[in-house]
There are 2 protein chains.
Amino acid sequence: TKGDVSGGFGGLYPFGDSYLVAGTDGVGTKLKLAFLLDKHDTIGVDLVAMSVNDIITVGALPMFFLDYFATSKLDVDMAESVIAGIVDGCRQSSCTLLGGETAEMPGFYAEGEYDLSGFAVGSVKQDALVDGKRAVAGDVVVGLRSSGVHSNGYSLARRVVESSDRFDYGDALPGDDQGRSVGEALLCPTRIYVPAARAALGKYDIKAMAHITGGGFYENFPRCLPDGLGARFDASLWSKPAIFSFLQDNGRIADAEMFRTFNMGVGYMMVVDGAVARQMESDGYFGEHDAVVVGEIVATDAKGEARVEVEFSTQ
Amino acid sequence: TKGDVSGGFGGLYPFGDSYLVAGTDGVGTKLKLAFLLDKHDTIGVDLVAMSVNDIITVGALPMFFLDYFATSKLDVDMAESVIAGIVDGCRQSSCTLLGGETAEMPGFYAEGEYDLSGFAVGSVKQDALVDGKRAVAGDVVVGLRSSGVHSNGYSLARRVVESSDRFDYGDALPGDDQGRSVGEALLCPTRIYVPAARAALGKYDIKAMAHITGGGFYENFPRCLPDGLGARFDASLWSKPAIFSFLQDNGRIADAEMFRTFNMGVGYMMVVDGAVARQMESDGYFGEHDAVVVGEIVATDAKGEARVEVEFSTQ
C-alpha cells in the first residue's frame with residue numbers, strides 16, 4: 001500500500017466523530033497457484049483478508065467491500081467460484097459486499113487467468129483510534145497465528161517448489177498436521193482477523209496492531225509504533241506451520257530472509273500492557289482466538305527495519 | 001458494476017444520517033490505446049471519472065479515491081505518468097487520493113502493459129438522496145456534453161480503426177474542431193461531472209441522474225427511473241463530437257447500435273421539471289457546464305431497453 005496517511009495500514013478520512021478507513025489490495029502471485037491447481041473458491045477469501053486485515057489495525061471494523069475482477073474472456077464457472085470466496089470472506093469479516101466490477105479485457109490476460117483487486121471501508125470513532133502512541137517499552141506483543149503463507153511471498157515460495165528436485169505441488173507436505181499437499185498448504189486462504197480484533201477492541205486496551213504482509217516482521221511491525229520504540233521477538237515462543245520449514249529447508253533460506261518475507265506463523269499482532277496480556281490469557285482469549293505472546297516492545301534509537309530484532313528459534 | 005443495491009450506479013451503505021456511496025471500475029480496453037500511443041498521463045483521469053461519475057448519480061459528493069495498479073514489471077516513469085493522471089482526476093473531483101496499491105505481478109501482463117482499477121467513496125445525506133422516485137412524465141432530461149468516447153466502447157472503436165483501409169490512429173480526425181488525430185481524440189480523457197453535479201445539487205431539484213457508460217443510452221438511462229417511466233431522446237437537439245460520425249461512417253454502424261454502445265456526446269444526464277430546466281438555462285448553468293436539453297420523460301409499459309426511445313438525428 002502507498003499513500004497511507006495514518007502511518008499505519010489503512011487510509012483515514014475524518015467523517016463526523018469517526019474516521020472512515022479504507023484499504024485496497026490484490027492477492028499478488030498467489031493467483032498463479034490458484035491457476036496451477038485450478039482451484040478458485042478460496043482466493044476470494046485472500047482478497048477480502050488482505051484489505052480488511054489492514055483496516056482493522058487502526059481499530060476500525062469493516063463495513064463494506066467491493067471487488068474488481070478482470071479477465072480476457074469471462075469463464076462463468078470460474079468467476080462464480082471466485083465470487084463465492086469473496087462472499088465467504090465478507091461473511092467472515094461481517095461486512096457487506098456492496099458492489100464490484102467484472103471486466104472482460106480481451107488480450108490482457110492469458111487464457112484461464114485473471115487478476116483481482118479489492119477495496120474495504122470501515123469506521124472507527126475518532127476517540128477509539130488505535131494509533132500506537134501509547135505504546136511503551138515493556139509492553140507485550142500478542143501474536144495471532146496465521147493459517148500459513150497468507151497472500152505474500154509467493155514469488156519466493158513458487159521458486160522454491162519449482163526449482164526443487166524432490167518436491168512438486170502435488171507431493172505431501174512433510175510434517176503437515178492436516179496431511180495436505182504442498183500446493184494445498186500454499187493455497188490455504190489467509191486468516192481473517194476481524195473476529196479476533198472485534199473481540200479484543202473495546203474489551204481490552206489495545207495500543208497498536210500490525211498486519212504482517214509483504215516485508216514480514218521487519219517491514220510491517222515498525223509501522224504501528226512511534227519513533228523510539230522497536231520490538232524484540234522470540235521465535236521459540238510459537239510453533240511454525242510446516243510450510244515454513246519446508247520452504248526454508250528446500251530453498252536454503254536464511255532465518256532473517258524468512259522473517260523478512262513471510263509471516264512465519266504470526267499474521268497479526270497486538271501491542272498491550274503485560275497485565276492486559278495476562279487478563280486476555282486468563283479470560284480464554286488466547287485459546288479462543290489462537291493467540292500467543294511473541295515478543296515485547298523495547299526502546300531503540302534504530303530506524304526502519306533495524307527497530308525489529310528477532311531471536312531465531314533453534315528448533 | 002454488479003451488486004448495486006440502489007438500483008442505480010453506486011452501492012449505498014447507511015451511516016448515521018447519511019449514506020456512504022461506493023463505486024469501483026476500471027478503464028477497460030481504452031488502456032490498449034494508451035499502450036499503442038505510449039501516452040499514459042490521462043488514463044488516470046478516466047479511471048477516477050468512471051467511479052466518481054457513478055457515485056454522484058445518487059447525489060453523493062466524492063470524498064476519497066483509491067487505485068490499484070498492476071503490471072508485470074514496474075516501469076517507474078510510466079507508473080508516475082499514470083499516477084499523475086489519477087491525481088489530476090482526484091483534483092477535478094475534489095476528492096482525496098487516500099491510498100492505493102501498486103502490484104508487480106511477473107508473468108501476468110505483457111511487457112509495457114498494465115491494468116488499473118479504482119474505488120471511490122462519497123456521501124449524501126439520506127434526505128438528499130437522488131433516487132428517481134419523484135420523476136414524472138413530462139420532466140425534462142438535461143444532458144451534459146461528453147469529451148468524446150469516454151471509457152466505454154473501445155473494443156468496437158478499435159475494431160473500426162484497425163479494420164479501416166483509409167485511416168490509422170495517426171491520421172487527422174475528419175471534422176474535428178480541435179485538429180486532433182483519430183488516436184488523440186479516442187484517448188481524450190473522460191469528462192468528470194463532479195463540478196457540474198456539485199453546482200446543481202442543492203440549488204436545483206434534481207430528480208434523477210444517469211452516467212452513460214457501457215450500454216449507452218438504452219442500458220444506462222432506465223436504471224435511474226422507476227417502473228412505468230421511460231425517456232424519449234431527440235438526437236437533433238445536440239451536436240455530436242466528430243469522433244462519433246467517424247466511427248459510425250467507417251464502421252458502417254447502425255444508429256441504434258451507436259446509441260447502445262457510446263454516449264454519443266452526452267455522458268451524463270439529469271432529470272428535472274421543465275420549469276427547473278428553464279431556470280438552469282436562465283441562470284447560465286447550461287453555458288457554464290456545457291448542458292443541453294436532450295429529451296423528456298414519458299410514461300411507458302415497456303421494460304428494460306425498450307423504455308428508451310431515440311429519435312435519431314437526420315443530420
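Here the structure is shown first, and the text comes after it.
Model, not experiment: these values are computed from the prediction. (Residues numbered from 1 in each chain as written. Chains lettered and ligands numbered in written order. Predicted model: local features only at pLDDT ≥ 70, side-chain atom pairs only at ≥ 80, totals over all residues. Heavy atoms only, no water.)

Caption draft 1: Main features of the relation of the copies chain A and chain B. The transformation that overlays chain A on chain B combines an axial shift of 0.0 Å with a rotation of 180°, and the residual RMSD is 0.0 Å. Both copies are brought into coincidence by an operation consistent with a two-fold rotation axis. Interface residue correspondence from chain A to chain B reaches 98%, placing this contact among same-surface, isologous pairings. (Least-squares fit on C-alpha atoms with pLDDT ≥ 70 in both. Contact = heavy atoms within 4.5 Å.)

Caption draft 2: Representation of the packing of aromatic side chains in the model. Here the structure, examined in full by the defined rule, presents 31 aromatic pairs over all chains. Here A:Phe119 and B:Phe119 contribute two aromatic rings whose centre-to-centre distance is 4.4 Å and whose plane-to-plane angle is 10°, an arrangement assigned as stacked. Here B:Phe119 lies in strand β5 (residues 114–125) and A:Phe119 lies in strand β5 (residues 114–125), a pairing that spans two chains. Judged on exposure class, the residue A:Phe119 and its partner B:Phe119 are both buried. Aromatic side chains B:Trp238 and B:Phe259 sit 6.5 Å apart centroid to centroid with 75° between the ring planes, which places their arrangement in the edge-to-face category. Taken together, the residues B:Trp238 in the loop between β8 (229–234) and α8 (242–251) and B:Phe259 in helix α9 (residues 255–261) connect sequence positions 21 residues apart. Judged on exposure class, the residue B:Trp238 and its partner B:Phe259 are both buried. Taken together, the ring pairs connect A:Phe217, A:Phe221, A:Phe233, A:Trp238, A:Phe259 and A:Phe312 into an aromatic cluster. The ring centre of B:Phe108 lies 4.6 Å from the NZ or CZ of A:Lys32, which sits over that ring. (Phe/Tyr/Trp six-rings, centres within 6.5 Å; stacked < 30°, edge-to-face > 60°. Helix = DSSP H or I, 4+ residues; strand = E, 2+ residues; numbered from the N terminus. Buried < 20%, exposed > 50% of the residue type's maximum accessible area, 1.4 Å probe, protein only. Lys NZ or Arg CZ within 6 Å of the ring centre and 35° of its normal.)

Caption draft 3: Quick look at the packing of helix α4 (residues 154–162) of chain B against α8(B). All names here are of chain B. Relative orientation of the contacting elements α4 and α8 amounts to 60°, with a least axis distance of 9 Å. Here α4 lies oblique to α8, going by the angle between them. Crossing handedness for the pair α4 and α8: left-handed. Here Ala-157, Val-160 and Val-161 of α4 come into contact with α8, specifically with Phe-246, Leu-247, Asn-250 and Gly-251. Considering only residue class, the contact of α4 with α8 consists of 5 nonpolar, 2 polar and no charged. (Axes fitted to C-alpha atoms, helices over the stretch in contact; angles between N-to-C directions. Parallel < 35°, antiparallel > 145°, perpendicular 65-115°, else oblique. Left-handed = near helix turned anticlockwise from the far one by under 90°. Nonpolar A, V, L, I, M, F, W, Y, C, P; charged D, E, K, R; others polar.)

Caption draft 4: Structural view of the pattern of salt bridges. Evaluation of the coordinates by the stated rule reveals 28 salt bridges over all chains. A salt bridge links A:Arg158 to A:Glu162; the nearest nitrogen and oxygen atoms lie 4.0 Å apart. Of this pair, A:Arg158 and A:Glu162 are both found in helix α4 (residues 154–162), 4 residues apart, which corresponds to roughly one turn of the helix. Where B:Lys133 meets B:Asp131, a salt bridge forms, and the shortest distance between an N and an O atom there is 3.8 Å. Owing to a relative accessible area of 67%, B:Lys133 belongs among the exposed residues under this scheme. A single salt-bridge network, built from bridges that share partners, covers A:Arg232, A:Glu296 and A:Glu309. (Salt bridge = Lys/Arg side-chain N within 4 Å of Asp/Glu carboxyl O.)

Caption draft 5: Up close: the sheet that holds strand β3 (residues 61–71) of chain B. All names here are of chain B. Read from one edge to the other, the open sheet built from 5 strands follows the order β1-β2-β5-β3-β4, with strand pairing classed as mixed. The sheet is open, and its two edges are formed by β1 (11–15) and β4 (96–104), each paired on a single side. Neighbouring strand axes in the sheet, compared pairwise and without regard to direction, differ in orientation by 20° on average. Note: β1 against strand β2 (residues 18–26), 5 bridges, orientation antiparallel. Across the sheet, the residue bridging to Phe-15 is Ser-18, located in β2. The sheet contacts of helix α2 (residues 43–55) involve β2, β3 and β5, and relative to β5 the element is tilted by about 35°. (Pairing = 2+ DSSP bridges.)

Caption draft 6: Up close: the sheet that holds strand β9 (residues 266–272) of chain B. Residue and element names in this part refer to chain B. Taken together, the 6 strands give an open sheet; going across it, the order is β7-β9-β6-β10-β8-β11, and neighbouring strands pair in mixed fashion. Across the chains shown, the open sheet's two edge strands, defined by having one partner strand only, are β7 (208–211) and β11 (308–311). Put simply, the sheet's adjacent strands are angled 25° from each other on average, direction ignored. As paired elements, β8 and strand β10 (residues 291–299) share 5 bridges and run antiparallel to each other. Within β10, the position partnered with Leu-229 by the bridge is Ala-299.

Caption draft 7: Main features of unusual backbone geometry. Positive phi values are uncommon outside glycine, yet A:Ser94 reaches one of about 50°. Along the chain, A:Ser94 turns up in the loop between α3 (76–92) and β4 (96–104). By relative accessible area, which is 47% here, A:Ser94 ends up partly exposed. In this structure, B:His150 is a non-glycine residue whose phi angle is positive, near 60°. Within the secondary structure, B:His150 is located in the loop between β6 (140–145) and α4.

Caption draft 8: Examining the interface of chain A and chain B more closely. Contacts between the two partners involve 48 residues from chain A and, on the opposite side, 47 residues from chain B. Both faces combined, the contact of chain A with chain B buries some 3,800 Å², and carbon together with sulfur accounts for 66% of it. Here chain A and chain B share 8 residue pairs in polar contact (both at pLDDT 80 or more) between them. Sorting the residues of the side of chain A that touches chain B by element identifies β1 (11–15), β2 (18–26), α1 (30–37), β3 (61–71), β4 and β5 of chain A as the ones contributing at least two each. For the side of chain A that touches chain B, the element with the most residues is β5(A), which contributes 8 residues. Of the residues belonging to the side of chain A that touches chain B, the class tally is 23 nonpolar, 17 polar and 8 charged. (Buried area = accessible area lost by both parts, 1.4 Å probe. Polar contact = N/O pair within 3.5 Å; in protein donor to acceptor, adjacent residues only side chain to side chain.)

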